[in-house]
Structure formats: structure tokens, C-alpha cells
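Next come the chains, spelled out residue by residue.
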Amino acid sequence: MKKKIFMLAVMLTVVMFSQVRADSDVIEPDENDKAILTCAVGSSDDLTMIPVTIFLSNSIDITAVEGCVRLPNGLGPDKIVYSEDDEDFVYDKTSRWKKTHTLTAFAGTETHGQDAFFFSIVNSKSANFNDTEGAIVTFYFDGNELADGDYEVNFFDAISVWTDKVNTTTYKSPVAKCTFRIAGGKAIDDTTLVKIAKLEALVASAQTLCSNAVEGTTEGKYAPGAKAAFQDVIDEISANIYSFSDEEIAQATTKLNDAIENFECQKVYENYVYPANVETSAGKQVELPMLLKNTAGISDLQFDLYLPEGVSVAMDEDGLAIIEVSDERTSSKRHAVDYFVRSDGSIRVLCTSSKGLMFNGNEGSVVVVTLNVDSNLAEGEYPVSVKDIVMSNADNVYTVSKKRSMISIVNYVLGDVNADRDINVGDLSRLSDMILNDYSERDNAFMAADINEDNTLNVGDYSELVEMVLNVDEVSASTTVSNDNYLTLGEKLVFTGRDKVKTTLNLVNANEISDLQFDLVLPEGITLASDENGNLMIAPNTNRADKTNYNINYVVRPDGSVRITCTSMEDVVFSGNDGGVVDFYLNVAKELDKGEYPIIIKNGVVSNKDNTYVNDVKASTIEVRISGDSNGDDIVNSADVVSIFNVVSSASTAEDALGADVNGDGVVNSADAVAIYNIISGGGANAPSFVIPSAWLEE
């Protein structure tokens, strides 16, 4: 009932619009005064919502349009999708509408036929449509009842109108048809059908090539296994051709063309030139060897080199391409190289001998082309082709249509040797293992490890990587936090007025660990102590590490923290599974108030040659006490002397008297009691200053 009322209302609107143009002549627009309405059916994965779009192309002002759509045979106009909730047909208007444009539409009229869907778009202010080209409205129809096959939609009685409410000009559009196909549960528009037809023709051509090919090992046949690989690609595309989107059709076309060329390159020849497969990374130069395989003697050759987009031949300082004779099978005295760039962008390369001298041997590099790889080239494999290959000697000429190879772009981060997207001691562990085992394979790991880019892995790369580890911004969360392998400062430290206090970093580890790093964050008033040479007093702890096997490096970072690494160039692991691994000494400012101060280690990383483990932030505290206050009651008196004698007599433990080692000689004995007595009696304003022995590193 609502739909009938709606249709009566819109019919009245159309009558009013018709009166505006009643006295106007309907004219056929010429090329200079173009105002043409057309329609097109769009692709859709939902057969209940197949789009029909109306387009207006106008070189003159147009204020209103109308037309009729007739759906495929068997579908009445009631199949135009109608929304009961909105009491309106479902349609999409475009940016070409003005705010004052309105649409009226209904299904079936005496004038246009009961099988027609009529629409009219008018403007109450006589304002023109925006722009001069493009869609103005899209309707949807339910084609769920249509079987697989080809169909057409007719568009007729279409007119475009210009009016200023006084004068009116009406332009008639010719009858138009648009086709579409139902296949595989989809509606496919005619534009896509054209693309599918081209892909089908390519599939048929590929199938003919594959079917007629003969495999074998003699000249003119195809390498064994080439047909099966080629047929797999043909079958995959053929089976899905009607389910592809426009983008997928383009991808399938590229894939099939690539498969055709690759198959043709599998043709067997006894004499041929081919490019080597090479691996590099974006932004780098790479040498591409051109190889000659031959059974006959060859003195001269030529080929056309085709490079993928983003890869180009490198130029020298004179602007000449770097294409050189390889010394593997000849020399620059015996052969010369020349080249020129062809109109299609390929490079024709000639390698000739003026004296007719043959290349040595039967396989190997004859020409080397240096390539530049664009820094924005994504990871992947890119084809390099050589075509129109000609080889000759004094008696014979041998030709090959094409051969190809791949440039593998495997992007890496310099220093990220273990490819975990972090630069830390894990990379040092991996690099030391590579150095020790003479790792020479020119793969992604090698390029990431060759920090100084001298094409060898040695201590020079290790030293530069240490600098990178020390100065990288932060440890990324990409590495898994480990609860089984971690660094900690352990128990609370106590300072009772001495110049320096020794601190030990502990390692708890379930796995073997050879290298570690951490950032040390100290509170204000507490700093790392330096030796007489100005070096921070940091060293491997001898309980778990032989100092000859480990190197300590550090850097003070912009935020004031100190990054410390303890690494083994020889991949020696720390002994045991729990205990101290690094010792360092702290200075405490004498004016620092008594109390507890936090010491934090963050960005903790431990590793071996195979695995890297990152730690959560670990915190400890340092307690600053009054000089001589060995029992921690904030008073220096005879009770502190008693606490020391209790320790000496084993009546209590050193843990019960944390500040008992007042003179800092490493033992609790009567000398500490004397030091406190001197404070109490006025014999000394402070406990005796503790001087670190010069041989402290050998403790």
C-alpha cells in the first residue's frame, strides 16, 4: 500500500516536470551541444543487488534528466530494489547533484510500458548538474533468478533538459543497451568481460604452446619438468577466470605472461648466454655476471638485456655504462665490450674479438654488468631477461630467442645480523660465530654483518657493530621477553661514607649465554666511579667469566644512562647458571642525604649465537647511611661497635650489620670497630676513606 501511495506522489511530480517542457521541442544534440544519457551494469558479488548506473555526458548546461530502464527478459520492473523501511527505491546519487535536485521513480506506466522502470531527476531551482561527465545515479535490481549466461539491459526514452522556468530546451538521447554476464554466482559487467576475453585468449595461446611442446635434453626441446610447472599456472588461472575482480584479472595476466616467458626460457640449447641469479638489497649496487655455456667454440656474442623497473645499469664518472669483460673466460686484451641503448629501453651488449679468439672453457662468466637497485624497491624476485642472443665463430652462427634469471631483493638492516629487527648483543653473538667459522656466503645475513662493507667479515665489522649496539636508540619489543634468562642487581647495597662501593650485576640463565648488554640508570648524586686514567671502573666478574675472553664497552647516553656491553669475540659462554657477571664501582656524593635510592637496569639483553633474550626493567636500591652507622639506627655510637664485634665473633652475620665493613677493606674485623671508635671519640670526622687497590681488576 505504501509503495502505491509513493508511486502516485512521484507521478504527480513527473507531470509537473512535463508541463515545464511541454512547449519545448525535443532536439537531437550535435557534437557541439552534447547531452547524452547512457547506462551500464556493474559487477557484483551479490546477485540480489546488481547495480545499474546512469551516466550523463554534457557539454551544455543540464538541469534535469529522465529515462526508462527495461531489465532482462523474465524480470519485471518490480525487481528494482525497494526499501520498505525508507518507502523508497534503493539508489545512490553522486556529487553531480545539487542540494535542490530530487528523484522520483516508479515501476510500470501506460506511456513507457508496464515492464519499464521510470526515473526522473529534477531541480526546483533550475540549477544545473555539477561537472560535465560522469555518473548521476545508480539503481539496484535483484537478479537472483537469472541462470548463468549473457544478458542485456535496455535504456530508452531518455532526455536531458535545460530550463530557467521560462525557456526550456530538451535533448533526446538514443536508445542504449548494456550487457553483462552471470557466472559463478557473480554479475560481470561488459568492461570486465572484455578483459576476461583477452585473458581467455591468452590462456588458449599458452595452452597451445604447452600442449605442442616436447620435453627432452636435446636442442629445441624443453627441459624435463617445465611443462608440468607451466600447466599448473594455466590450470589455476583457467579455473578461476570468472571469479576474478578487475585487479585479479590484471594480476593473472601478468602471472601468465611471466609463466609463458619462463617456459620459453626452458628451451634446450647447446650454446647460449644467460644471466646469473643474484641477490642484493634495495639501494645497493650489484654485479650481474652474464654466463656463456657452449659446446662449440665461440669468439663473438651479442644479446639484448631487459631489466625490471627499479633496476638500471650503473654509470661511471664519464657517464658510460659499467659493462666489462669478465676475466673468468677471457681478458680485455682478447675481447672488447660495447653497448648501445635501444628504442624499447633494452641494452644491446656486444662482446667481440677482433682477432677471432675463442672464449676459454665451456661455461662461465664472459661479461659483468653493474646494476643500481632503487632504494624503494620492495623485497621479492624480479626477472632479468636476455633476448635475441647471437653467438658465432668463423664458421657458424648460433641463435637463442631468450633466457632469464632473477634478481632477489632481500632487504636488510645493516647490523641486524640475526634479522630480528633489533640491533643488540644478539647480533654481536651471531657475527662472532660467523667470523670464527669463516662465513662467506653472500646472503642477506652476510650483507647485514659486513658493517664496513669491505666484502669480508672480521674484527673490523665486530668493532663497528659494538658502536652501533651502544648507540642504537632502544631495544624493540619485537624480541620476546624471557623469564628464564635475565639480569638483576640482586640485594640492596649499603654505603656508609666510603668514596666508592662495589656493585655486581647478576645473570640468571637457563640457556648458555655468551654476551649481554644493559642500560644503567643511577639516581642524582650517585655516579659510576673512574680509575686514574679516567675510564669507568667496569669489568667482568671473575666468578663466572675469564677476563681474557670478554670485552667491556660502554657509552654515556644522552639521557644520562650508561649502556654497557660484555661480549665474547670467541663465543665463550659464562660459567654456571646464576651469579655475578659484571662488576662496577659507584661514587656517592658526600652531601647526599641518608636514605634509599633506586638503581635501575633497563634494555637488558642476553644472547648466544643462536638466540636473543630481552629482559624487563629490573630495579634495586642503594641505601646511603651515616658514616659509621653499621647497625642502621641512624646513630653512630657504641652499639655500632657492638654490631661489628657480633659479626667478628659470629654472634650475628654480616647481613645483620649491612654497614659493618666501615673501612671498606672487604672484611669485617676489629679495624672497622676502630674506625667507628675514631668517629665517636672525635678521632676522625669520618670513617677512613677507602682507596680502591690499583689491582682491583684482578680481584
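Quick caveat: nothing in here was measured; it's all calculated off a predicted structure.

Asker: Give a detailed account of the overall build of the chain, specifying residues and quantitative values.
Answerer: Scanning the chain for helices and strands turns up 9 helices and 37 strands. Residues counted as buried form 47% of the 699 residues belonging to the chain. For the chain, restricting intrachain contacts to residue pairs at least 6 apart in sequence, the fraction spanning at least 24 positions comes to 71%. Only carbon and sulfur atoms are counted for the fraction: they give 48% of the accessible area of the chain, which is about 33500 Å².

Asker: So, the side chain of Asp-519: which residues are in play, and what are the values?
Answerer: You can see Asp-519 is positioned in strand 29 (residues 515-521). One polar contact links Asp-519 to Arg-563, side chain to side chain, over a distance of 2.6 Å. With residues near it in sequence (within four places) discarded, Asp-519 still touches Arg-557, Val-562, Arg-563, Ile-600, Ile-601, Lys-602 and Asn-603.

Asker: If you had to explain the pairing of strand 32 (residues 551-556) to someone new, which residues and values would you point to?
Answerer: Two elements, strand 32 and strand 33 (residues 562-567), share 6 bridges in a ladder whose sense is antiparallel. Bridged to Tyr-554 within strand 33 is Ile-564. Between strand 32 and the antiparallel strand that follows it, strand 33, lie 5 residues; Gly-560 among them carries a positive phi value of about 95 degrees.

Asker: Quick one: what's the story with the sheet that holds strand 2 (residues 35-41), residue by residue and with numbers?
Answerer: Taken in spatial order, the 4 strands make up an open sheet running 2-3-10-7, and their pairing is antiparallel. This sheet does not close on itself; its edge strands, each paired only once, are strand 2 and strand 7 (91-93). The average undirected angle you get between the axes of adjacent strands in this sheet is 20 degrees. When strand 3 (residues 50-58) meets strand 10 (residues 133-141), the two strands line up antiparallel, connected through 8 bridges.

Asker: If you had to explain the packing of aromatic side chains to someone new, which residues and values would you point to?
Answerer: Enumeration over the complete set of coordinates arrives at 13 aromatic pairs. Summarising the aromatic geometry, the rings of Tyr-91 and Trp-97 are spaced 6.2 Å apart at their centres and angled 20 degrees between planes, so their arrangement reads as stacked. On the basis of relative accessible area, Trp-97 is assigned to the buried category, the value being 8%. Where Tyr-222 meets Phe-263, the ring centres are 4.4 Å apart and the plane angle is 5 degrees; that geometry is what we call stacked. Remark: Phe-263 occurs in helix 4 (residues 246-264) and Tyr-222 occurs in the loop between helix 2 (190-212) and helix 3 (226-240); sequence separation between them is 41 residues. With relative accessibility at 8%, the residue Tyr-222 sits in the buried group. Three or more aromatic residues link up through ring pairs in this structure, and these residues are Tyr-82, Phe-89, Phe-117, Phe-119, Phe-139 and Phe-155. Just above the ring of Tyr-306 sits the side chain of Lys-387; from NZ or CZ to the centre is 4.7 Å. Between the NZ or CZ atom of Lys-403 and the centre of the ring of Tyr-272, over which it lies, the distance is 4.6 Å.

Reading guide: rules and limits
Residues numbered from 1 in each chain as written. Predicted model: local features only at pLDDT ≥ 70, side-chain atom pairs only at ≥ 80, totals over all residues. Heavy atoms only, no water. Helix = DSSP H or I, 4+ residues; strand = E, 2+ residues; numbered from the N terminus. Buried < 20%, exposed > 50% of the residue type's maximum accessible area, 1.4 Å probe, protein only. Contact = heavy atoms within 4.5 Å. Areas by Shrake-Rupley, 256 points an atom, 1.4 Å probe, with all protein chains shown as cover. Polar contact = N/O pair within 3.5 Å; in protein donor to acceptor, adjacent residues only side chain to side chain. Pairing = 2+ DSSP bridges. Axes fitted to C-alpha atoms, helices over the stretch in contact; angles between N-to-C directions. Phe/Tyr/Trp six-rings, centres within 6.5 Å; stacked < 30°, edge-to-face > 60°. Lys NZ or Arg CZ within 6 Å of the ring centre and 35° of its normal.

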